[in-house]
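Structure at a glance
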Amino acid sequence: MGSLNNDSNLLTDKSAKIFIAGHRGLVGSAIVRKLQHLGFTNFLLRTHSDLDLTRQSDVDTFFATEKPDYVILAAAKVGGIHANNTYPADFIAINLQIQTNVIDSSYRNGVKKLLFLGSSCIYPKYAAQPITEDALLTAPLEPTNEWYAIAKIAGIKMCQAYRIQYNWDAISGMPTNLYGPNDNFHPENSHVLPALMRRFHEAKVNNAKEVVVWGTGSPLREFLHVDDLADAVVFLMEKYSGLQHLNVGSGKEVTIKELAELVKEVVGFDGELVWDSTKPDGTPRKLMDSSKLQSLGWTPKISLKDGLVDTYKWYSEHLKQ
């Protein structure tokens, strides 16, 4: 499965040049916060208008000029089921371009270590639960987001191929469902947790009597606060050097019903929570097995309740701006 690597001097060299691709997103912004908290100062941060990662020549020039020491690849074209169904070409092409350009330029310009971040959607639709890393490529994917998943799988394989051929330290981490500050709270295309938070907040503000949620509330899901992921990213950059990708999850399951009730409590909505059982539930269970990462010595620290309080505080403050 790979090994602990104590050769990396990431944490001892606070002036190391670190390129965080996707630093404005949910994941990238959390990684920047974590590294700043640890005392790092030499960040290479570029917005999409500064540097288009899909353009190979631009990426080559950036790496040749800036020569980063470490790269964390958290940039991706992401979206929900509707977006994936509507723009499949974008999801496969843009993600393949970003990954290929950044990984190859990193190797060619002497980057010491690269971490590629993917998603739990890389696994088969009907993978045995909890999902281990070995489940990859054992059965068909979920058709609705296979374009994105195929790109992410290619990213894992590219890191493995560069390790095998060039003995270059490229690793991959696959996070579970994430939430936290800078999440997407859009009413149509956000994920279940931010969507619930927004709906309960708007119901509270409008003094609504009830909030109706689709399904029975029985499906089980796993959530990880993005600050825990950022902590795991630093751990992996410092400690892990292996061929195999590693799952990064909380290992804790919650029903959608329990989640909705917890969000309702955190938001402070006093009305009724109604379940529309005529609507579909989705996959009954989705849990990743993160025991390999935990066996290396990393564990999540933020409880779901504390994480929701933190996220709602950010959301409330963000609404005022």
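Residues numbered from 1 in each chain as written. Predicted model: local features only at pLDDT ≥ 70, side-chain atom pairs only at ≥ 80, totals over all residues. Heavy atoms only, no water.

**Description of the nonpolar core**
If you look at the biggest cluster of nonpolar residues, it comprises 38 residues, and the most contacted ones within it are Phe19, Leu53, Phe63, Leu73, Val102 and Leu114. Those elements giving two or more residues to this core turn out to be β2 (18-21), α2 (56-66), β4 (70-73), α4 (88-108), β5 (113-117), α5 (146-166) and β6 (170-175). At seven residues, the largest contribution of residues to this core is made by α5. Aside from chain neighbours lying at most four places away, what touches Val102 is Leu53, Val59, Phe63, Val71, Leu73 and Leu114. With 34 residues, the next largest nonpolar core counts Phe43, Ala230, Val248 and Leu293 among its residues. (Core = buried A, V, L, I, M, F, W, Y, C linked by side-chain atoms within 4.5 Å. Buried < 20%, exposed > 50% of the residue type's maximum accessible area, 1.4 Å probe, protein only. Helix = DSSP H or I, 4+ residues; strand = E, 2+ residues; numbered from the N terminus. Contact = heavy atoms within 4.5 Å.)

**Considerations on the sheet that holds strand β11 (residues 246-248)**
The strand order β3-β2-β4-β5-β6-β11 describes an open sheet built from six strands, whose pairing is parallel. Because the sheet does not close on itself, it has two edges, and the strands there are β3 (43-44) and β11. Across four bridges, β2 lies against β4 in parallel orientation. Note that in β4 the partner of Ile18 across the bridge is Tyr70. Against the sheet, helix α1 (residues 26-37) touches β2, β3, β4 and β5, its axis set at about 155 degrees to β2. (Pairing = 2+ DSSP bridges. Axes fitted to C-alpha atoms, helices over the stretch in contact; angles between N-to-C directions.)

**Focus on helix α10 (residues 304-320)**
End to end, α10 covers 25 Å across 17 residues, agreeing with the expected 24 Å (1.5 Å per residue, within 8%). Taken together, the buried positions of α10 are occupied by Gly307, Leu308, Thr311, Tyr312, Trp314, Tyr315 and Ser316. Against the buried residues of α10 lie β7 (177-179), α6 (192-205), β9 (220-225) and α8 (256-267). (Expected span 1.5 Å × (residues − 1).)

**Observations concerning α1**
With 12 residues, α1 should reach 16 Å at 1.5 Å per residue; the first-to-last C-alpha distance of 17 Å fits that figure. All of the buried residues in α1 are Leu26, Val27, Gly28, Ser29, Ala30, Ile31, Val32 and Leu35. The inward-facing, buried residues of α1 contact β2, β3, β4, β5, β7 and α7 (226-239). After α1 finishes, the residue Gly39 shows a positive phi value of roughly 100 degrees.

**A word on the packing of α6 against α8**
The contact between α6 and α8 brings their axes to 9 Å, and the two run at 40 degrees. Taken together, the axes of α6 and α8 lie oblique to each other. Crossing hand, α6 versus α8: right-handed. Of α8, the residues touching α6 (which contributes Val192, Leu193, Leu196, Met197, Phe200, His201 and Lys204) are Ile256, Leu259, Ala260, Val263, Lys264 and Val267. Of the residues contributing to the contact of α6 with α8, the split by class is 10 nonpolar, one polar and two charged. (Parallel < 35°, antiparallel > 145°, perpendicular 65-115°, else oblique. Left-handed = near helix turned anticlockwise from the far one by under 90°. Nonpolar A, V, L, I, M, F, W, Y, C, P; charged D, E, K, R; others polar.)

**Observations regarding the pattern of salt bridges**
If you walk through the whole model with that rule in mind, you get 17 salt bridges. In this structure, the salt-bridge partner of Lys301 is Asp231, at a minimum N-O distance of 2.9 Å. Of the two residues, Lys301 is situated in the loop between α9 (291-295) and α10 and Asp231 in helix α7; the sequence distance between them amounts to 70 residues. Accessibility expressed as a relative area gives 16% for Asp231, which makes it buried. Arg285 is paired through a salt bridge with Glu253; the nearest N and O atoms lie 2.6 Å apart. Note that Arg285 is positioned in strand β14 (residues 285-286) and Glu253 in strand β12 (residues 253-255), a separation of 32 residues in sequence. Judged by relative accessible area, Arg285 falls into the partly exposed class, the value being 29%. The exposure class of Glu253 is partly exposed, given its relative accessible area of 30%. Residues joined by salt bridges that share partners form a network here, namely Lys17, Arg46 and Glu66. (Salt bridge = Lys/Arg side-chain N within 4 Å of Asp/Glu carboxyl O.)

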